[in-house]
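A structural walkthrough
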Amino acid sequence: MTRSATKLAAQEKLTLDYVLDQLARDGLLSEQQIAQLKTDLKKTDESAHPLVTVAELNLRSARDPGLHLSLERLTQWLANKTGYPYLRIDPLKIDVNKVTDIVSQAYATNLNILPVEVTSKELTVATCEPFLSGWESELSRISRLDIKRVIANPRDIERYLIEFYGISRSILGAVFDKSKSSEAISRIQNFEQLVEVGKMGEPDANDQHIVSIVDWLLQYAFEQRASDIHLEPRRERGKVRFRIDGKMHQVHDFPILLMGAIASRLKTLGRMDVTDKRRPQDGRIKTKTPSGNEVEMRLSTMPTAFGEKLVIRIFDPEMLVKNFTELGFSSHDQKLWEAITGNPHGIILVTGPTGSGKTTTLYSALKQLARPEFNICTIEDPIEMVDPQLNQMQVQNAIGVNFASGVRTLLRQDPDIIMVGEIRDYETADIAIQAALTGHLVLSSLHTNDAPSAITRLMDIGTQPFLISATLLGVLAQRLVRTLCPHCRKPAKPDRTAWDHLVSPARVALPKQINRPVGCDECRHTGFLGRIGIYESLLIDKQMRQLINDGADLEQIRDAALKQGMRHLRLGGAQKVAEGLTTIEEIYAVVPHED
């Protein structure tokens, strides 16, 4: 139906009666439902937007009972009904500085509109009132730009009006009121270690500018599912980027004057030395998301040409409650992993590059092994996720507590299971082996490209082959690949040549159908949403122990492992492709071709 055909009176706000009548006309609600709703909603809050009122009823479509009439779906319906483009507001794609400069907060709030994009000729404005148009000509005259109207979720407009203008005002206040911002930065020394984010409300122009900016930044990262926050100072502006599903996204840029203040605020919360900007530092913050979940964050600073670069690694507590199937383990991988971790003593290694999910796998294994009759101790650098079932110790090189000395301390604590954050050198490997030889189960991580390489890596750092063969139980290599968005992925026919190359040297039947990425609002039009693990499990059996004792090279170990039944990483990825979870291109993006 066209815009003119459905228009109410000129300059009339959207009404609940209009929405209900049009939903009935389109068959989304039955006449009986409408009659009942009009009776039930007589005393409803008239200040609430009609779409919000209907969405809160959790109704199902009369035409398609499987279709839930959510607020986002109702917004799309209204956009189609009135002939305007629909927009799902994605804060990552909005230049907050530009849009808040072009329209004042008072003007935008009064009209309940949100500027979302500015070009040299056009201003795109989101609204949830399709029949109020008097502001368009006035705004066009003020801004000297053509106005493009889009329909967006009323709750998103309300929320981002507060957030965008609030953060913009905090930035301006911090820049132009240096005395107040300096006072705020000095006073944050007294803040508690547990940071309650998501309770900022609307920032006001007072001495809490920097606190408000940092609070917004952390809350924003949680909502966008970011695994890392990067604050990168440049000559004139500082960049803020998020890593989401393994890919970097530009989020915001701040005046360079603010970058140092923001870094100082975060360093204070992380119990780091604020005054030392010349040396790299590490810290941690424990905070709460708006939903109340506690989150661990690891901070790392690095001096650069234009100031301190700061990276915050966010550890999602939800990952630790996932079982191994949810992490991506196949039945084959899970069976081998349970066989390896079921041993009372020995060494188990998890390998892969930084950001491949090793820490999550190790913590998940420890949580599975944690029982009242076991004493589980860890030595980590730093402690990434605090767990009440574990006795955790942190490396502190400044006072001589490294991995090797830490393991020696743990051995005097009557442990059953020990987790060493990472084996980096001969001394750590040697003490871990001694722990395994004296009847302890030791779990650790190692940086190698695949599972067989872990054996040769231990030899390279000086570990004797006979000690490796006597203690090593198994190696798990892993990567994280992006998973296709379940909301928009489409079936596709697989390419035989690409498939055969992926699974080589194994011979695996070509799947009849795979999925391909499309892109939608849910996945920011990337086609991917979330990540899952692919794994390579190497079990150290009698034949493998003999090879290790004989000092076999990497190729000999790899060939023997494949004959033993090890499924290389690409084959693990091929299984996820066949299940429709990811693509061949994604597998090659994380697994080298020579693997």
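As a reminder, the structure under discussion sits directly above these lines.
First things first, this report covers the structure right here in the doc. On a predicted model such as this, the values are computed, not experimentally measured, just so you know.

Basis of the calculations
All residue numbers here refer to positions counted from 1 along the written sequence of the relevant chain. Residue-level local features of this predicted model are given only where pLDDT is at least 70; pairs of side-chain atoms are given and counted only at 80 or more, and the full residue set underlies all totals for whole chains, interfaces and linings. Computation of side-chain values covers all heavy atoms of the structure but excludes hydrogens and water. Runs of H or I in DSSP of at least four residues are treated as helices and runs of E of at least two as strands, each being numbered from the N terminus. Each residue gets one of three labels from its accessible area relative to the maximum for its type: buried under 20%, exposed over 50%, partly exposed in between, using a 1.4 Å probe on protein chains only. Under the convention used here, a 1.4 Å probe and the Shrake-Rupley method define accessible areas, while residue burial counts only the protein chains that appear. To define axes, lines are fitted to C-alpha atoms, for helices over the stretch in contact only, and angles between the resulting N-to-C directions are given on a 0 to 180 degree scale. Handedness of a helix crossing follows the sense of rotation of the near helix relative to the far helix, less than a right angle counterclockwise being left-handed and clockwise being right-handed. Contact definition: two residues touch when any of their heavy atoms are within 4.5 Å. Working definition of a nonpolar core: buried Ala, Val, Leu, Ile, Met, Phe, Trp, Tyr and Cys residues. They are joined through side-chain atoms within 4.5 Å. For two strands to pair, DSSP has to find at least two bridges joining them. Detection works on a 1 Å grid of protein atoms alone, calling trapped sets that fit a 1.4 Å probe cavities and calling open sets with protein on both sides within 12 Å along at least five of seven lines pockets, with lining residues defined by an atom within 4 Å of a point. Grid points are joined across faces, edges and corners, and a volume is the space filled by probe spheres set on the points. Three classes are used: nonpolar for Ala, Val, Leu, Ile, Met, Phe, Trp, Tyr, Cys and Pro, charged for Asp, Glu, Lys and Arg, and polar for all others, with Gly counted as polar. A helix is expected to span 1.5 Å multiplied by its residue count minus one. Working definition: roughly parallel below 35 degrees, roughly antiparallel above 145 degrees, roughly perpendicular at 65 to 115 degrees, and oblique for all remaining angles.

1. Side note on the overall build of the chain
Looking only at helices and strands, the chain has 24 helices and 19 strands in total. Burial statistics for the chain: of 595 residues in total, 52% are counted as buried. Accessible area for the chain stands at about 27600 Å²; split by element, carbon and sulfur atoms hold 49% of it.

2. Here's the deal with the packing of helix H18 (residues 451–460) against helix H22 (residues 554–564)
Where H18 contacts H22, the two axes come as close as 9 Å, and the packing angle between them is 145°. The element H18 and its partner H22 pack so that their crossing is right-handed. Taken together, the residues of H22 that come into contact with H18 (itself represented by Pro452, Ser453, Ile455 and Thr456) are Leu554, Ile557 and Arg558.

3. A few points about the environment of Ile532
Inspection of the secondary structure puts Ile532 in strand E19 (residues 528–539). Ile532 sits in the buried class, given a relative accessible area of 13%. Once the C-alpha coordinates of Ile532 and Leu327 are considered, the two residues, 205 residues apart in sequence, prove to be 6.0 Å apart. Ile532 has contacts with Glu326, Leu327, Gly328, Arg479, Leu480, Val481, Thr483, Lys576 and Leu581, leaving out every residue within four places of it along the chain.

4. Looking at the nonpolar core
One finds Leu114, Leu139, Ile229, Leu231, Phe242, Leu266 and Ile312 to be the most contacted residues of the largest nonpolar core, which totals 60 residues. For this core, the element with the most residues is helix H11 (residues 209–223), which contributes 9 residues. Those residues within four positions of Leu266 in sequence are excluded, and the remaining contacts are Val214, Leu231, Ile285, Leu299, Leu310 and Ile312.

5. Focus: the sheet that holds strand E12 (residues 376–380)
Pairing is mixed in the open sheet, where 7 strands are placed in the order E13-E12-E14-E15-E11-E16-E19. Of all strands in the sheet, those bounded by a partner on one side alone are strand E13 (391–394) and E19. Taken pair by pair, the neighbouring strands of this sheet meet at an average axis angle of 20°, ignoring direction. With 5 bridges connecting them, strand E11 (residues 346–351) and strand E16 (residues 472–484) associate as parallel partners. Looking at E16, one finds that Ile347 is bridged to Leu472. Against the sheet, H18 touches E11, strand E15 (441–446), E16 and E19, its axis set at about 60° to E19.

6. A look at empty space enclosed by the protein
Counted according to the given criterion, the structure contains 1 cavity of 30 Å³ or more. If you add up the space inside the largest cavity, you get close to 50 Å³. Along the walls of the largest cavity sit Ile347, Leu349, Ile423, Ala429, Ile433, Leu458, Ile468 and Thr471, which together make up its complete lining. If you list the elements that add at least two residues to the lining of the largest cavity, you get E11, helix H17 (426–437) and helix H19 (465–471). The residue inventory of the lining of the largest cavity, partitioned by class, reads 7 nonpolar, 1 polar and no charged.

7. Re the sheet that holds strand E2 (residues 122–127)
Taken in spatial order, the 3 strands make up an open sheet running E1-E2-E3, and their pairing is mixed. Bordering the open sheet on either side are strand E1 (113–118) and strand E3 (146–151), each of which pairs with just one other strand. Going from strand to strand, the sheet's axes swing by 30° on average, the running direction of each strand aside. Lying on the sheet, helix H8 (residues 134–143) is in contact with E1, E2 and E3; it crosses E3 at an angle near 135°.

8. Focus: unusual backbone geometry
Geometrically, the link from Ser504 to Pro505 is a cis peptide bond, its omega value of 10° lying close to zero. For His525, which is not glycine, the phi dihedral falls at a positive 60°. Take His525: it is sitting in the loop between strand E18 (514–516) and E19.

9. Some details on H11
With 15 residues, H11 should cover 21 Å at 1.5 Å per step; its first-to-last C-alpha distance of 21 Å lies within 8% of that length. Counting buried positions along H11 yields 14 of 15 residues, so the element is predominantly enclosed. Downstream of H11 by one or two residues, Arg225 has phi in the positive range, about 60°.

10. Describing the packing of helix H2 (residues 16–25) against helix H3 (residues 31–40)
Between H2 and H3, whose axes approach to 9 Å, the crossing angle comes to 165°. Relative to H3, H2 is oriented roughly antiparallel. As H2 runs across H3, the sense of the crossing is right-handed. Taken together, the residues of H3 that come into contact with H2 (itself represented by Asp17, Leu20, Asp21 and Ala24) are Glu31, Ile34, Leu37 and Lys38. When grouped by side-chain class, the residues that make up the contact of H2 with H3 number 4 nonpolar, no polar and 4 charged.

By themselves, these observations are geometric and do not establish any function.
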